[in-house]
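Geometric and topological summary
Single-letter residue listing:
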Amino acid sequence: ESTFGKSQNDANSELANSKASDVDDLMLTYVEKIRTVTNLVLTDFSDDEQRKRALDQAFGRDLDLVSLEIYRRDGGLLKPYHRQVNEADLKQFNFDATYIDRLRKEKGKALPIASIFADKSKIIVRNTTLPGGAPMFSVGVPFPDETGSVHHIAIGDFRLSRLQKAVALPGVRTLFVVD
């Protein structure tokens, strides 16, 4: 192999490692956002106004988080518990909060809710962009109790733009993001 080819391979490897690190950091940030907002929803506040202010700070002003949905285990059933949607984000694509219902039902896009409940360490990320829909991806996060049983899960739906920027490169290239 020529010196040029070796240095080009080294540069490509460094770039790939850098982009992978950027994506890892971004995903950790998104998981932390989900945990923060979910913990606020699950916290007992002295009054509804205090809860509203806290959620506005953590969710309402976030530029990436479009929707957060929390599910809980009720006996043997998995039930929706709370949903928060930033309709202004969806409105720019001519959708309303019902768009999130479409995401949850779309074959091949919906996150496997039961699977997240089954594993306290399982975080699932899936591109949930629908044809003609808003560019988004979803992250499912379990919330185990002190015994390790998952009592709630949260699904955060995020704008795809920041993730796309994290892997964007100037020039003509093909870059694949895989898990």
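Comments concerning the overall build of the protein
The number of helices and strands found in the protein is 6 helices and 5 strands. Listing each helix as α and each strand as β along the protein from the N terminus yields α-α-β-β-α-α-α-β-β-β-α. For the protein, buried positions account for 35% of its 179 residues. Within the protein, contacts between residues separated by at least 24 positions form 54% of all contacts whose residues are at least 6 apart in sequence. Here the protein displays about 10,800 Å² of accessible surface, and carbon together with sulfur accounts for 51% of that area.

Quick word on the packing of aromatic side chains
Applying the stated criterion across every chain yields a total of 4 aromatic pairs. Between the aromatic rings of Phe95 and Tyr99, the centroid separation amounts to 4.2 Å while the plane-to-plane angle is 35 degrees, which identifies the pairing as tilted.

Examining the side chain of Ser138
Within the secondary structure, Ser138 sits in strand S4 (residues 136-144). Looking at Ser138, its side chain comes within polar contact range of the side chain of Asp157, at 2.4 Å. What Ser138 contacts, discounting residues up to four positions off in sequence, is Arg104, Leu111, Ile124, Val125, Arg126, Thr128, Ile155, Gly156 and Asp157.

Parameters and conventions
Residues numbered from 1 in each chain as written. Predicted model: local features only at pLDDT ≥ 70, side-chain atom pairs only at ≥ 80, totals over all residues. Heavy atoms only, no water. Helix = DSSP H or I, 4+ residues; strand = E, 2+ residues; numbered from the N terminus. Buried < 20%, exposed > 50% of the residue type's maximum accessible area, 1.4 Å probe, protein only. Contact = heavy atoms within 4.5 Å. Areas by Shrake-Rupley, 256 points an atom, 1.4 Å probe, with all protein chains shown as cover. Phe/Tyr/Trp six-rings, centres within 6.5 Å; stacked < 30°, edge-to-face > 60°. Polar contact = N/O pair within 3.5 Å; in protein donor to acceptor, adjacent residues only side chain to side chain.

Honestly, that's just the spatial picture; any functional story needs more than this.
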